[in-house]
Amino acid sequence: MTLWPPMRVVRFLSVLSLLSLSQVLFVPAAFGQEATTPDPTTLARRASVYLMQTYTQGENQILSCVGSGTLISANGLILTNAHLVEDTGPCRGDRIIVALPVRLEDSPIPTYLAEPVLIDRSLDIAVIQIRGGLDGSAIASSTLSLPFVSVGDPAALQPGAALTAIGYPDTGESSTVVVPAPLSAVISEAAGGSIAWYQTTAVLGGVMSGGGVFNPDGQLIGVITSASGTDGSEHSPTCLSIQDTNHDGGITAEDACVPIGAPATAIRPITLAIPEIETARRELHPVRVSGVAEALFATAPSISRMYFSPGISETGIATQVTNTLPGGATAAYVFFDFANIPPGTSYDLRATRDGLEVPEWSIGPLAWPGGVRGTWYIGKNDVALSDGRYEFTLRLNGSTAATATLTVGPAQPEPGIFSNLSFSTTDGVTGRVFPAEVQQINASFDFSGMPAEQVWTEVWYLDGTEVSSNTRLWDNGDSGRLTVSAINLDGLPLGVYRLELFVGERLAATGDVTLVGNRTPQGEPQVFSNARMANAISPDNLPAGTVGTVMPLGTTSLYAFVDWDMMPRSTTWTHRWYLDGRLITNTVDSWDAGSVGQNYWIGLTSDRALPEGTYSVEVLVGNKPMFSQTVSIGSGTAVTTGQDTQADDVFISGTVVDAITGEGIPGALVFVLDVEFESAQFLYDESQIQTQTITDQQGRFSLAQGLRRGNYFTVYVFADGYITVLEDTFIVSRDQASPAEIRIVMSRP
């Protein structure tokens with residue numbers, strides 16, 4: 001079948017400058033002049049908001065945090081930093097006030113109250129929703145029609161890319177600022193992976209944290225991120241008194257200070273926030289059963305065992321542990337262990353070379369994403385390190401927590417190099433997650449330059465306690481690959497194992513593995529079993545309602561129930577939901593339900609009927625998939641049509657191409673009217689548009705909002721120098737698969 005029927009082509013106005021999704025101002029053809037639109041920067045400024053979190057003290061509202069955000073939908077969804085809107089830590093509060101730029105050159109006006117829809121501590125990303133007026137009156141999101149920006153794709157960005165940062169420079173007294181923010185480097189980190197952060201040489205004001213970073217087309221490609229560098233308990237350059245909290249008639253150091261964020265150079269790529277945006281736009285809520293709270297953070301936060309590596313393996317292990325790199329090195333990773341760091345704690349990494357600060361090798365301050373204990377890394381590739389002596393300092397809340405030194409340039413070779421450490425079992429399973437009670441874990445590594453009779457040591461730990469240590473003289477030759485093993489013929493107990501290899505007194509290689517679950521016939525770990533899907537929960541936390549793999553239309557909740565065995569407490573795990581193969585939620589948690597049990601559940605809920613379609617839930621331990629289950633909503637029910645049907649949405653991507661050359665047309669504007677409007681009713685009012693987007697340099701586009709099945713839509717496509725495409729009978733059939741791919745052909749006059 002063809003999703004896009006033959007198009008009716010009409011002559012229409014040429015749009016000189018095609019813009020992002022945020023807001024489009026049209027001039028009707030009857031006026032007899034060319035249509036104009038605001039430039040992308042103006043659109044982005046209109047969609048930038050100032051955020052204030054407050055808490056109640058007596059009859060007064062006291063500011064606890066300020067920052068920026070960006071509207072990503074006309075109905076009031078705002079993307080910002082998690083640490084600005086959480087109700088814990090330095091930014092504690094019970095109200096989030098949204099101030100809008102009524103006039104772009106004036107300070108923002110407090111207008112609305114918002115509530116968090118989804119908070120992702122691991123990425124410091126949050127989506128909040130405007131819910132009411134300042135007087136506490138409720139506002140239906142469907143009644144809002146606010147300027148907003150489109151979400152772009154930063155995948156092709158390279159250092160040197162021209163970007164623009166927009167946010168508020170101070171405590172609400174000024175209008176937005178527009179700062180050129182060229183991308184200078186890509187930063188890897190344990191949360192976020194190989195493209196965890198973009199770095200810019202621009203220094204952005206701390207209150208700009210949470211604001212947007214835009215490509216030249218005005219599309220949102222990142223979120224400015226900076227923590228305050230303080231816990232808010234003491235006044236500092238990043239914690240200011242801006243309100244008379246003690247009511248003595250003046251603002252002094254005696255008043256409570258408000259963390260405003262330290263100067264920012266880190267940008268969180270928008271790609272990492274896409275699941276959170278999808279969840280919020282669809283008004284979904286990922287939930288899980290509450291476990292037993294662990295007594296966390298009873299002891300002081302700690303950073304230890306800081307070391308360096310020139311690279312990182314696919315499984316997150318240092319390719320080589322070293323404190324020297326050769327001249328001309330272009331990559332370095334800093335590893336360290338952490339424990340008992342409360343979420344939201346400010347952390348930053350600072351680097352000096354021969355005593356002088358090296359900003360390009362520094363990051364933060366940022367908000368700590370949480371986790372009980374583990375190993376963290378921060379690193380860069382493709383950035384030259386000049387010769388010299390580097391000192392890296394890791395700070396928590398502005399205080400030094402750990403330091404380590406790295407020498408770059410000509411140096412005396414180290415006696416023996418271990419590299420490329422990897423783990424496996426005798427079943428041939430590789431990775432870092434294995435079944436509990438296996439008899440043997442193998443650790444293999446390359447070695448070179450090892451002198452005969454060199455003293456070396458192999459040490460194994462289980463959950464931080466040393467269980468084996470073996471020191472001997474080297475007799476394996478100058479270079480090659482060697483395997484050492486942890487062996488217990490009665491079975492290795494579950495938990496986290498660490499291997500440390502020393503050459504003399506120097507740490508030469510290290511890595512962790514986790515033993516969980518029971519062994520399958522294939523040698524893989526199996527934690528979860530007895531999976532069941534339901535659309536309700538009984539009072540005693542058991543499956544209820546419809547139980548099975550097909551749920552009726554109108555279902556508002558889905559729950560996956562499982563039994564589990566051999567799951568260590570505090571293990572990091574991830575649960576995800578997909579709709580028709582598209583990732584819509586991604587949540588990272590710390591296991592808090594004990595090592596064995598029954599009827600653990602993971603849920604996806606909504607305040608309205610879930611869209612019809614195929615849902616999948618997936619659970620990972622570490623990065624290893626452990627469990628998945630699929631359920632359908634509406635499958636086998638009678639086909640219905642019409643605007644009010646409880647059908648799911650079809651997400652549409654495609655390419656706009658030149659009719660002669662077949663090449664993609666960059667900067668083409670594609671928009672779809674709300675289902676109740678046709679072209680004859682279109683008044684060139686942005687509120688009549690359901691969804692819109694701009695094509696990239698290859699002519700590619702993706703509509704941010706799905707189109708409901710069983711309906712007709714009106715579609716416009718504008719491109720400078722081309723005849724406008726108009727289709728009033730764009731049909732999305734009831735059996736159309738999602739996502740769908742289309743091709744739009746445009747001709748020149």
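For the structure itself, look to the data block above.
Criteria and cut-off values
Residues numbered from 1 in each chain as written. Predicted model: local features only at pLDDT ≥ 70, side-chain atom pairs only at ≥ 80, totals over all residues. Heavy atoms only, no water. Salt bridge = Lys/Arg side-chain N within 4 Å of Asp/Glu carboxyl O. Helix = DSSP H or I, 4+ residues; strand = E, 2+ residues; numbered from the N terminus. Phe/Tyr/Trp six-rings, centres within 6.5 Å; stacked < 30°, edge-to-face > 60°. Buried < 20%, exposed > 50% of the residue type's maximum accessible area, 1.4 Å probe, protein only. Lys NZ or Arg CZ within 6 Å of the ring centre and 35° of its normal. Pairing = 2+ DSSP bridges. Polar contact = N/O pair within 3.5 Å; in protein donor to acceptor, adjacent residues only side chain to side chain. Contact = heavy atoms within 4.5 Å.

Asks: Pulling in residues and values, what's your account of the pattern of salt bridges?
Replies: In this structure the tally under the stated criterion is 21 salt bridges. A salt bridge links D658 to R748; the nearest nitrogen and oxygen atoms lie 3.9 Å apart. One end of the pair, D658, is in strand β47 (residues 652-658); the other, R748, is in the segment after β54 (740-746), and 90 residues separate them in sequence. One salt-bridge network, in which partners are shared between bridges, spans R305, D337, R498, E500 and D512.

Asks: Lay out the packing of aromatic side chains with the relevant residues and their values.
Replies: Applying the stated criterion across every chain, the model contains 28 aromatic pairs. Ring geometry for F338 and W376: centres 5.9 Å apart, planes at 85°, overall edge-to-face. Pair noted here: F338 is in strand β20 (residues 332-339) and W376 is in strand β24 (residues 373-380), with a separation of 38 residues, a long-range link. On the basis of relative accessible area, F338 is assigned to the buried category, the value being 7%. For the pair F418 and F445, a centre-to-centre distance of 4.6 Å together with 45° between the ring planes defines the contact as tilted. Taken together, the residues span a long stretch of sequence, with F418 in strand β27 (residues 417-425) and F445 in strand β29 (residues 440-448) at a distance of 27 residues. Through a chain of ring-to-ring contacts, three or more aromatic side chains come together here, namely F528, W564, W573, W591, Y600 and F627. Just above the ring of W197 sits the side chain of R268; from NZ or CZ to the centre is 3.7 Å.

Asks: So what's going on with the sheet that holds strand β41 (residues 572-579)? Residues and values would help.
Replies: Across the sheet, which stays open at both edges, the five strands sit in the order β39-β45-β44-β41-β42 with mixed pairing between neighbours. In this open sheet, the two edge strands, each paired with only one partner strand, are β39 (550-551) and β42 (582-590). Inspection of the sheet shows strand β44 (residues 613-621) paired to strand β45 (residues 624-633) by nine bridges, in the antiparallel sense. Note on β45: the bridge partner recorded for V617 is Q629.

Asks: Tell me about the pairing of strand β2 (residues 48-57), residues and numbers included.
Replies: The element β2 is extensively covered by neighbouring structure, given that eight of its ten residues are classed as buried. With ten bridges joining them, β2 and strand β3 (residues 60-71) adopt antiparallel strand pairing. In the strand pairing of β3, Q57 is matched with N60. Hairpin remark: β2 followed by β3, antiparallel, with two residues in the connecting loop; positive phi at G58, about 65°. In this structure, β2 lies alongside strand β5 (residues 95-100), joined through five bridges in antiparallel fashion. Bridging from a neighbouring strand, Q53 pairs with I96 of β5.

Asks: Please give an account of the side chain of D658 that cites residues and values.
Replies: Among the residues examined, D658 registers a relative accessible area of 9% and is labelled buried. Side chain to side chain, D658 and Y722 meet in a polar contact 2.6 Å long. The residues contacting D658, other than those within four sequence positions of it, are E663, I665, Y722, M746 and R748.

Asks: Describe helix α3 (residues 274-281), naming the residues involved and giving the relevant values.
Replies: Burial analysis of α3 places six of its eight residues in the buried class, the great majority of the element. Taken residue by residue, α3 has P275, E276, I277, E278, T279 and A280 as its buried positions. Each element contacted by the buried residues of α3 is listed here: β4 (77-80), β6 (109-120), β7 (125-133), β17 (284-288) and β42. E283 lies just past α3 and shows a positive phi near 60°.

Asks: Can you lay out the pairing of strand β48 (residues 669-673) for me, pointing to particular residues and giving the numbers?
Replies: Counting buried positions along β48 gives five out of five residues, so the element sits mostly inside the fold. Residue alternation in β48 divides its side chains into two sets, L669, F671 and L673 and V670 and V672, and both sets are buried. Note: β48 against strand β49 (residues 689-694), five bridges, orientation antiparallel. Note on β49: the bridge partner recorded for L673 is I689. Where β48 and strand β52 (residues 711-718) come together, four bridges link them in antiparallel fashion. Its bridge partner being in β52, L669 is matched across the sheet by F718.

Asks: Can you lay out unusual backbone geometry for me, pointing to particular residues and giving the numbers?
Replies: Following G364, the chain continues to P365 via a peptide bond in cis, the omega torsion being 10°. Tracing the sequence through the fold places P365 in strand β23 (residues 363-367). Even without glycine at this site, N340 takes up a positive phi of about 60°. Summarising the element assignment, N340 is placed in the loop between β20 and β21 (346-353). For N340, a relative accessible area of 17% corresponds to the buried category.

Worth remembering: the numbers are spatial, not functional.
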